[in-house]
Amino acid sequence: MGLTLMPKKVHHKQKSARYGMKNTQVLRHLNSSELVSASNRFVELLNRLIYKQAYKRFNKRLDIVMVTEGEQELIDLHTHFAIRKPEQMPIKQFVRAVHKAIELSGDFEITNPNYVADADILVDKYRYKLDLIDEGWLTYITKKLDGKDMKNLYLP
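Let me sum up the structure you'll find in this document. What you see is a predicted model; the values in this text were computed from it and never measured.

It is worth spelling out a nonpolar patch on the surface at this point. Taken together, the side chains of I91, V95 and L132 define a hydrophobic patch exposed on the protein surface, amounting to about 260 Å² of accessible area. Residue placement: V95 occurs in helix α3 (residues 91–105).

Residues L3, F42, L46 and F81 are the most contacted members of the largest nonpolar core, which totals 30 residues. With eight residues, helix α1 (residues 32–51) is the largest single contributor of residues to this core. In contact with L46, other than residues within four places in its own chain, are L62, I83, A97, V98 and A101.

What holds strands together in a sheet is hydrogen bonding between their backbones, with the strands either parallel or antiparallel. The strand order β6-β1-β5-β4-β7 describes an open sheet built from five strands, whose pairing is antiparallel. Edge positions in the sheet fall to β6 (129–131) and β7 (153–154), since each of these pairs with one other strand and no more. The strands that α1 touches are β1 (2–5), β4 (63–69), β5 (78–84) and β7; relative to β5, the one it contacts most, it runs at about 30 degrees.

A few words now on the environment of L104. Turning to its location among the elements, L104 is positioned in helix α3. Sequence separation between L104 and R41 is 63 residues, and the spatial gap between their C-alpha atoms is 9.7 Å. In this structure, L104 is in contact with L45 and L49, ignoring residues within four places of it in sequence.

Calculation rules
Residues numbered from 1 in each chain as written. Predicted model: local features only at pLDDT ≥ 70, side-chain atom pairs only at ≥ 80, totals over all residues. Heavy atoms only, no water. Patch = residues over 30% accessible without salt bridge, like charges linked within 9 Å, V, L, I, M, F, W, Y side chains within 5 Å. Areas by Shrake-Rupley, 256 points an atom, 1.4 Å probe, with all protein chains shown as cover. Salt bridge = Lys/Arg side-chain N within 4 Å of Asp/Glu carboxyl O. Helix = DSSP H or I, 4+ residues; strand = E, 2+ residues; numbered from the N terminus. Core = buried A, V, L, I, M, F, W, Y, C linked by side-chain atoms within 4.5 Å. Buried < 20%, exposed > 50% of the residue type's maximum accessible area, 1.4 Å probe, protein only. Contact = heavy atoms within 4.5 Å. Pairing = 2+ DSSP bridges. Axes fitted to C-alpha atoms, helices over the stretch in contact; angles between N-to-C directions.

Structure (structure tokens):
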């Protein structure tokens, strides 16, 4: 399964440059290390939801490749995942587990804040994308990596 997650913007206190003025709350994007931490928390939650106690007791884990993207480009940071779904689990149950893990993590956008309810395009309603994939997905998510520098590739 291929999954793309967009992180939420976080509140950040900004101190005023002038003395005596109040602090203001602004939204900022996650930096790269915060995104990696949030993505690892998501992977842990997903493993716990799917494997329950076997995750801790028997070290059962999903096979996952994770790539962060957008640091060098002028686009928002986001994370791509290639996840091997357990063979015995139905796709609908897996999709529900992914959605639940995104909700529990609280670090990623679930719905698009710019979505217009009257629009006919349902794809634009959500800020994450989960699809059945073919072999081209791994090529797509690793397109920015070169052979020597693998700093954005993770195997959680």
